[in-house]
Amino acid sequence: MRKLIVTSALSASLASPALAATGPFFSLRNTDFVVLLGFLLFVAVLVYFKVPGLLGKQLDKRAEGIRDELDEARALREEAQTLLASYERKQQEVSEQAAQIVANAKQEAENAAAQAHEELKVSIARRLATAEDQIAAAQASAVKEVRDRAAAVAVAAARDVIAQQTSASDKDRLIDESIAEVGAKLH
């Protein structure tokens, strides 16, 4: 700081227009000399009250404060990077879990579709068997009905034929034989 003050005072004295002025420079009548003395006195008062040291201390405090802020900013940045890395890991884990869930869901859907297909085959086979049974039962019923009807028609035809071919005496004799046969079976 002293070098700066000395250098500025020296340069002010060398570059002064007083050198070009007439008359002695070191006179109280020369305003440039008076200004130079005032400036040197001012600088001396500043040095006496240790203003350069106070300014240096304040600058050091400010530099220390800035250094502390930079350290805090670095710490915050490192913490933010750590959090970012943590969140990126979590996101990766979540995306892997989501992919696993999707794969499991696809597999379960395929299994369910296969199971439904098998159940559909079994249901269709069961319905076909039921339909075939119903058809067979209907066919058997139709055959029985046709047989019963044929038997009824045959009995009616035989009755008509027998009624036409038998005489009244044969009818009486057949009735008597039938009554005797029923009586013998009942006793």
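Residue positions are counted from 1 within each chain, in the order its sequence is given. Totals for whole chains, interfaces and linings use every residue, but because this is a predicted model, local features are given only for residues with pLDDT of at least 70 and side-chain atom pairs only at 80 or more, for both listing and counting. Here the side-chain values reflect all heavy atoms present in the structure, with hydrogen atoms and water set aside.

Novice: Where do I start with the overall build of the protein in this structure?
Specialist: Helix and strand assignments come from DSSP, with helices taken as H or I runs of at least 4 residues and strands as E runs of at least 2, each series counted from the N terminus. Broken down by element type, the protein carries four helices and zero strands. Starting at the N terminus, the α and β elements of the protein follow one another as α-α-α-α. Here the protein holds 187 residues, and the buried ones make up 5% of them. For the exposure calls, accessible area comes from a 1.4 Å probe over protein chains only, and a residue counts as buried if that area is under 20% of its type's maximum, exposed if over 50%, partly exposed in between.

Novice: How do you make sense of the packing of aromatic side chains when you look at a structure like this?
Specialist: Geometry of an aromatic ring pair is reported as the spacing of the ring centres plus the angle between the planes. Aromatic pairing here means that ring centres of Phe, Tyr or Trp (its six-membered ring) are within 6.5 Å. Orientation follows from the plane angle: under 30 degrees is stacked, over 60 is edge-to-face, and everything else is tilted. According to the stated counting rule, one finds four aromatic pairs in the structure shown. When the centroid spacing of 5.3 Å and the interplanar angle of 80° are considered together, the rings of F25 and F26 count as edge-to-face. Given the relative accessible area of 18%, F25 is considered buried. Exposure remark for F26: the relative accessible area of 69% places this residue in the exposed category. Aromatic side chains Y48 and F49 sit 5.2 Å apart centroid to centroid with 75° between the ring planes, which places their arrangement in the edge-to-face category. F49 matches Y48 in its accessibility class, with the two residues each being exposed. Among the aromatic side chains, those forming a connected cluster through ring pairs are F25, F26 and F33.

Novice: Can you help me understand helix 2 (residues 31-48) in this one?
Specialist: Given 3.6 residues per helical turn, the α-helix brings residues three or four places apart onto the same face. Over its 18 residues, helix 2 runs 25 Å from end to end, which matches the ideal 26 Å to within 8%, given 1.5 Å per residue. Looking only at helix 2, the buried set comprises F33, L36 and V43. An end-on view of helix 2 places all buried positions within 90° of arc, on one side of the element. The exposed residues of helix 2 that point more than 90 degrees off its buried face are T31, V35, L41 and Y48. Take the residue count of a helix, subtract one, and multiply by 1.5 Å to get its expected span. By construction, the arc corresponds to the directions joining the helix axis to the C-beta atoms.

Novice: Sorry, what's going on with a nonpolar patch on the surface here?
Specialist: Two distance rules govern patches: like charges are joined within 9 Å, and nonpolar side chains (Val, Leu, Ile, Met, Phe, Trp, Tyr) within 5 Å, applied only to residues with over 30% relative accessible area and no salt bridge. The method behind every accessible area is Shrake-Rupley, applied with a 1.4 Å probe, and residues are considered shielded solely by the protein chains displayed. Any carboxyl oxygen of Asp or Glu that lies within 4 Å of a side-chain nitrogen of Lys or Arg is treated as forming a salt bridge with it. Residues L41, V45, Y48 and F49 make up a contiguous nonpolar surface patch of roughly 480 Å² in combined accessible area. Following the sequence through the fold, V45 ends up in helix 2.

Novice: Whenever I open this one, a negative patch on the surface confuses me. Can you help?
Specialist: Counting rule for charge: Lys and Arg are taken as positive, Asp and Glu as negative, and neither His nor the chain ends is counted. We put the charge of a Lys on NZ, of an Arg on CZ, of an Asp on CG and of a Glu on CD. A contiguous patch of negative charge on the surface is contributed by D60, E64, D68, E69 and E72. Of note, D60 is situated in helix 3 (residues 51-165).

Purely geometric numbers; function is a separate question.
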